[in-house]
Amino acid sequence: MSGGIGVLLISAAVGYWVLIHAAKEKARLKSLGQLLGLVIIAVSLVMAASKLYCLTTGQSMSALFCPVGKSCPFMKGGSNP
């Protein structure tokens, strides 16, 4: 889960570029490209919003995404409960 908000917004722009270029292709490749573009955009925007939320609230990303809570044993750098 590394990468800054700027990198994630650039990846959303890349997803939009994939979406636009997929519209010019034939049926099957068009569908696959549009799906891939939408997935890239959605994941990038959700991760950017999550990082922004963590920056404004002071929480860590591991506390936000870990089912265990703030001391997540599954994330790098997390302490064991």
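Residues numbered from 1 in each chain as written. Predicted model: local features only at pLDDT ≥ 70, side-chain atom pairs only at ≥ 80, totals over all residues. Heavy atoms only, no water.

*Asks:* Where do I start with the overall build of the protein chain in this structure?
*Replies:* When its secondary structure is counted, the protein chain shows 3 helices and 0 strands. The helix and strand sequence of the protein chain, counted from the amino end, reads α-α-α. A separation of at least 24 residues holds for 37% of the contacts in the protein chain among residues at least 6 apart in sequence. Accessible area of the protein chain: about 5,800 Å², with a carbon and sulfur share of 69%. (Helix = DSSP H or I, 4+ residues; strand = E, 2+ residues; numbered from the N terminus. Contact = heavy atoms within 4.5 Å. Areas by Shrake-Rupley, 256 points an atom, 1.4 Å probe, with all protein chains shown as cover.)

*Asks:* Please clarify how the environment of Gly4 should be interpreted in this entry.
*Replies:* Position of Gly4 relative to the elements: it lies in the segment before helix H1 (5-22). Classification of Gly4 as partly exposed rests on a relative accessible area of 35%. For Gly4 and Lys51, which are 47 residues apart along the polypeptide, the C-alpha to C-alpha distance reads 7.9 Å. (Buried < 20%, exposed > 50% of the residue type's maximum accessible area, 1.4 Å probe, protein only.)

*Asks:* Explanation requested: the packing of H1 against helix H2 (residues 27-57) in the structure shown.
*Replies:* For any two helices packed against each other, the geometry comes down to the angle between their axes and how far apart the axes lie. In the contact formed by H1 and H2, the axes pass within 8 Å of each other and the chain directions differ by 165 degrees. As far as their axial angle goes, H2 and H1 are roughly antiparallel. Judged by the sense of rotation from one axis to the other, the crossing of H1 with H2 is left-handed. Among the residues forming the contact of H1 with H2, the class breakdown is 17 nonpolar, 6 polar and 2 charged. (Axes fitted to C-alpha atoms, helices over the stretch in contact; angles between N-to-C directions. Parallel < 35°, antiparallel > 145°, perpendicular 65-115°, else oblique. Left-handed = near helix turned anticlockwise from the far one by under 90°. Nonpolar A, V, L, I, M, F, W, Y, C, P; charged D, E, K, R; others polar.)

*Asks:* I keep staring at H2 and nothing clicks. Help me out?
*Replies:* Here H2 contains 31 residues, and its C-alpha end-to-end distance of 45 Å stays within 8% of the 45 Å for a straight helix at 1.5 Å per residue. Turning to H2, its buried residues are Gly33, Gly37, Ile41, Ser44, Met47, Ala48, Ser50, Lys51 and Cys54. Within two residues after H2, Gly58 carries a phi angle of roughly 85 degrees, on the positive side. (Expected span 1.5 Å × (residues − 1).)

*Asks:* Help me out: how do you make sense of the confidence of the model for the protein chain in this one?
*Replies:* Averaged over every residue, the pLDDT of the protein chain is 80; the share at 70 or more is 70%. Across the protein chain, the element-wise mean pLDDT spans from 65 in helix H3 (residues 61-65) up to 92 in H1. (pLDDT = per-residue confidence, 0-100.)

*Asks:* What's the story with H1 in this structure? I'm lost.
*Replies:* Turn by turn, an α-helix covers 3.6 residues, leaving residues three or four places apart pointing in a common direction. Across its 18 residues, H1 extends 26 Å between first and last C-alpha, which sits within 8% of the 26 Å expected from 1.5 Å per residue. Among the residues making up H1, those that are buried are Leu8, Ala12, Gly15, Val18 and Ala22. Angularly, the buried residues of H1 cover 115 degrees about the axis, an arc narrow enough to put them on a single face. The outward face of H1, more than 90 degrees from its buried face, is lined by the exposed residues Ile10 and Trp17. The inward-facing, buried residues of H1 abut H2. (Arc of directions from axis to C-beta.)

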